[in-house]
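Given next are the chains, with one letter for each unit.
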Amino acid sequence: MSDTSGTGSDTARGDGGVPPAPRRRLLADLTPLRTSPDYRRLWVGSTISWTGQGMTRLAISLHVYDLTRSSFSVGLVGLCSLVPLVAFGLYGGAVADRVDRRLLGLVSATGLAVLSALLAAGTVAGFHHVGFLYAVVALQSTCGALNAPARQAMIPRLLPREQLPAANALSSITTTSGGLIGPMLGGLVVGGWGYEAAYLIDAVAFGAALYAIWRLPPMPPQRGEGAERPSVVAGLRFLGTLPNVRMTFYTDLCAMVLAQPKALFPALAVLAYGGDARTVGLLVAAPAMGALVGGVFSGWLGRVNRHGVAIVVSVAAWGAAMAVFGLTRDLWLGLLFLAVAGCADTVSMVFRSTMLQSAVPDDMRGRLQGVFIVVVAGGPRAGDFLAGTAGDVFSPATAVVAGGVACVVAVGLLALARPGFLRYDGRAPRP
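Just so we're clear, the structure is a prediction, and the values are computed from it rather than from any experiment. (Residues numbered from 1 in each chain as written. Predicted model: local features only at pLDDT ≥ 70, side-chain atom pairs only at ≥ 80, totals over all residues. Heavy atoms only, no water.)

Student: What exactly am I supposed to notice about the overall build of the protein chain here?
Tutor: A count of helices and strands for the protein chain gives 16 helices and 0 strands. Its C-alpha atoms give the protein chain a radius of gyration of 22 Å, within 12% of the compact-globule value 22 Å for 431 residues. Summarising its shape, the C-alpha atoms of the protein chain cover approximately 70 × 50 × 45 Å along the three principal directions. Here the protein chain holds 431 residues, and 52% of them are scored as buried. Long-range pairs, those at least 24 residues apart, make up 85% of the contacts in the protein chain with a sequence separation of at least 6. Taken as a whole, the protein chain presents about 18,800 Å² of accessible surface, with 68% of it coming from carbon and sulfur. Looking at charge distribution, the protein chain has the averaged site of its 33 positive side-chain charges lying 4 Å from that of its 22 negative ones. (Helix = DSSP H or I, 4+ residues; strand = E, 2+ residues; numbered from the N terminus. Rg over C-alpha atoms; globule rule 2.2 N^0.38 Å. Buried < 20%, exposed > 50% of the residue type's maximum accessible area, 1.4 Å probe, protein only. Contact = heavy atoms within 4.5 Å. Areas by Shrake-Rupley, 256 points an atom, 1.4 Å probe, with all protein chains shown as cover. Lys, Arg positive; Asp, Glu negative; His and termini not counted. Charge placed at Lys NZ, Arg CZ, Asp CG, Glu CD.)

Student: What should I look at first to understand the packing of aromatic side chains in this one?
Tutor: Working definition: an aromatic ring pair is given by the centre-to-centre distance plus the angle between the planes. In the structure shown here, the tally under the stated rule is 3 aromatic pairs. With a centroid separation of 6.1 Å and 85° between ring planes, the pair formed by Phe-265 and Phe-325 is classed as edge-to-face. Here the residue Phe-265 occupies a position in helix H10 (residues 265-271), and Phe-325 occupies one in helix H12 (residues 307-327), the gap between them amounting to 60 residues. The burial state of Phe-265 is the same as that of Phe-325; both residues are buried. Consider the rings of Tyr-273 and Phe-325, whose centres lie 6.5 Å apart with planes at 35°: the pair is tilted. One end of the pair, Tyr-273, is in the loop between H10 and helix H11 (277-296); the other, Phe-325, is in helix H12, and 52 residues separate them in sequence. Taken together, the ring pairs connect Phe-265, Tyr-273 and Phe-325 into an aromatic cluster. The side chain of Arg-102 reaches across the aromatic face of Trp-214, ending 5.3 Å from its centre. (Phe/Tyr/Trp six-rings, centres within 6.5 Å; stacked < 30°, edge-to-face > 60°. Lys NZ or Arg CZ within 6 Å of the ring centre and 35° of its normal.)

Student: Hey, could you run me through the packing of helix H8 (residues 232-239) against helix H14 (residues 362-393) in this one?
Tutor: Any two packed helices are characterised by how steeply their axes cross, that is the angle between the axes, and by the distance between the axes. Contact geometry for H8 and H14: axes closest at 9 Å, N-to-C directions at 80°. Between H8 and H14, the interaxial angle falls into the category roughly perpendicular. Counting all contacts with H8, which are made through Ala-234, Gly-235, Leu-236, Phe-238 and Leu-239, the residues of H14 involved are Met-364, Arg-367, Leu-368 and Val-371. For the contact of H8 with H14, a count of residues per class yields 7 nonpolar, 1 polar and 1 charged. (Axes fitted to C-alpha atoms, helices over the stretch in contact; angles between N-to-C directions. Parallel < 35°, antiparallel > 145°, perpendicular 65-115°, else oblique. Nonpolar A, V, L, I, M, F, W, Y, C, P; charged D, E, K, R; others polar.)

Student: So what exactly am I meant to see when it comes to the packing of helix H9 (residues 243-258) against helix H15 (residues 396-417) here?
Tutor: Put simply, H9 and H15 touch, their axes get as near as 8 Å, and they point 165° apart. With respect to H15, the element H9 is oriented roughly antiparallel. Two packed elements cross with a definite hand, and for H9 against H15 that hand is right-handed. Residue-level contacts link Met-247, Tyr-250, Thr-251, Cys-254, Ala-255 and Leu-258 of H9 to Gly-403, Gly-404, Ala-406, Cys-407, Ala-410, Val-411, Leu-414 and Ala-415 of H15. Looking at the contact of H9 with H15 residue by residue, the class counts come to 11 nonpolar, 3 polar and no charged. (Left-handed = near helix turned anticlockwise from the far one by under 90°.)

Student: What is the right way to look at the nonpolar core in this model?
Tutor: If you look at soluble globular proteins, the nonpolar side chains tend to sit buried side by side. In this structure, Leu-268, Leu-283, Val-315, Trp-318, Phe-325, Leu-338 and Cys-407 are the most contacted members of the largest nonpolar core, which totals 44 residues. Contributions of two or more residues to this core are made by H9, H10, H11, H12, helix H13 (331-359) and H15. Core analysis: the second largest hydrophobic core is formed by 24 residues, Cys-80, Cys-143, Val-190 and Tyr-199 among them. (Core = buried A, V, L, I, M, F, W, Y, C linked by side-chain atoms within 4.5 Å.)

Student: What exactly am I supposed to notice about helix H6 (residues 164-193) here?
Tutor: Given 3.6 residues per helical turn, the α-helix brings residues three or four places apart onto the same face. Taking 1.5 Å of rise per residue, the 30 residues of H6 would be expected to cover 44 Å, and the 41 Å separating its terminal C-alpha atoms lies within 8% of that figure. The largest bend along H6 reaches roughly 30° and is located at Gly-178. Looking one or two residues beyond H6, the residue adopting positive phi is Gly-194, at roughly 100°. (Expected span 1.5 Å × (residues − 1). Bend = angle between axes of the 7 residues up to and from the residue.)

Student: I'm lost on the environment of Gly-275 in this one. Help?
Tutor: Within the element layout of this structure, Gly-275 appears in the loop between H10 and H11. On the basis of relative accessibility, which here comes to 24%, the residue Gly-275 falls in the partly exposed class. Linking Gly-275 and Leu-331, residues 56 residues apart in sequence, is a C-alpha distance of 9.1 Å. Those residues within four positions of Gly-275 in sequence are excluded, and the remaining contacts are Ala-269 and Val-270.

Written as structure tokens, this is what we have:
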């Protein structure tokens, strides 16, 4: 990665005293990592802990299957994670607007580390019960729902507004690489040393995140005199006054609910590509690889000011790529379009997060981040249900194509209904 730009001094100016144009970045902009030691520690700690959590997620799925030999039981792991995340996501945002966010992040990250250590201790002690694993997953999801709004609300306090797109692109690298590398390492660790080793490594990995949060200054919400006590209802009521922020949620739901084909990958692997479980693995990994590439080559995003236009175009690109993927019968071509969709999703995520961080006042930022978490967590699950149902009623390929087309049409209609979103300028954010 590189980050080479500068305005030049007076002595380096060309004719007429005009400073030279900054070099165009291609790779991720590392300015936030260079200029803010607090953000740098937070990013490194999050990257390490995300990798550890990816190991644990895979290890728990393997552990449950080893105990039950049931794919349905493995599927319940996702449900045990989703329900607390949705239920506590909004509440976690309200808490983040009420207490010191540094303290909330520290307590919730400590809870996650303790739960991973509990998994390791229970496994070493021979306590192999699927109910125990489900309970720990639910508690981990609860801690995560409290941690994420606090952590995201911290970033605008650590960086200037113009660096937020770069910071969100770096965050996408963290989550995507953790989702890819973590499971791969988890499989190796479980195969070589057992489940308890994966759980213990995850617990130790949280030390980096805890150290980063510990070094931060206190971050109480910035509330004005006479401000009401933060509540979920007040946050939702305030969201009703923010048309541009609401549009970021609507556009994401267009992509994740209408054009999320992950539930159809097993059927498509066999029917469209004549493959097997390895083919399913490639289909699952392709969007993540595209998202990672989008994060690595994100230097150009900082030059985009029309964030609303960027979101609409990237969501439409996601839908179009998914529609073409549904039409392909060549595996490598299909993987290419899935990767394109993943890259488009990264662009959308960067600008949706930036808009939420820069256009929302600090005392409401936690609650709106809570809504963001609910949308991000709930949308793909609803999309899985819709795609699976459509695949049974019609065919898997037809469901993918129809979903992609529906996404493009829906986001286009939203843009027509809210033209102010297309005029949104990141240099003068208006929620």
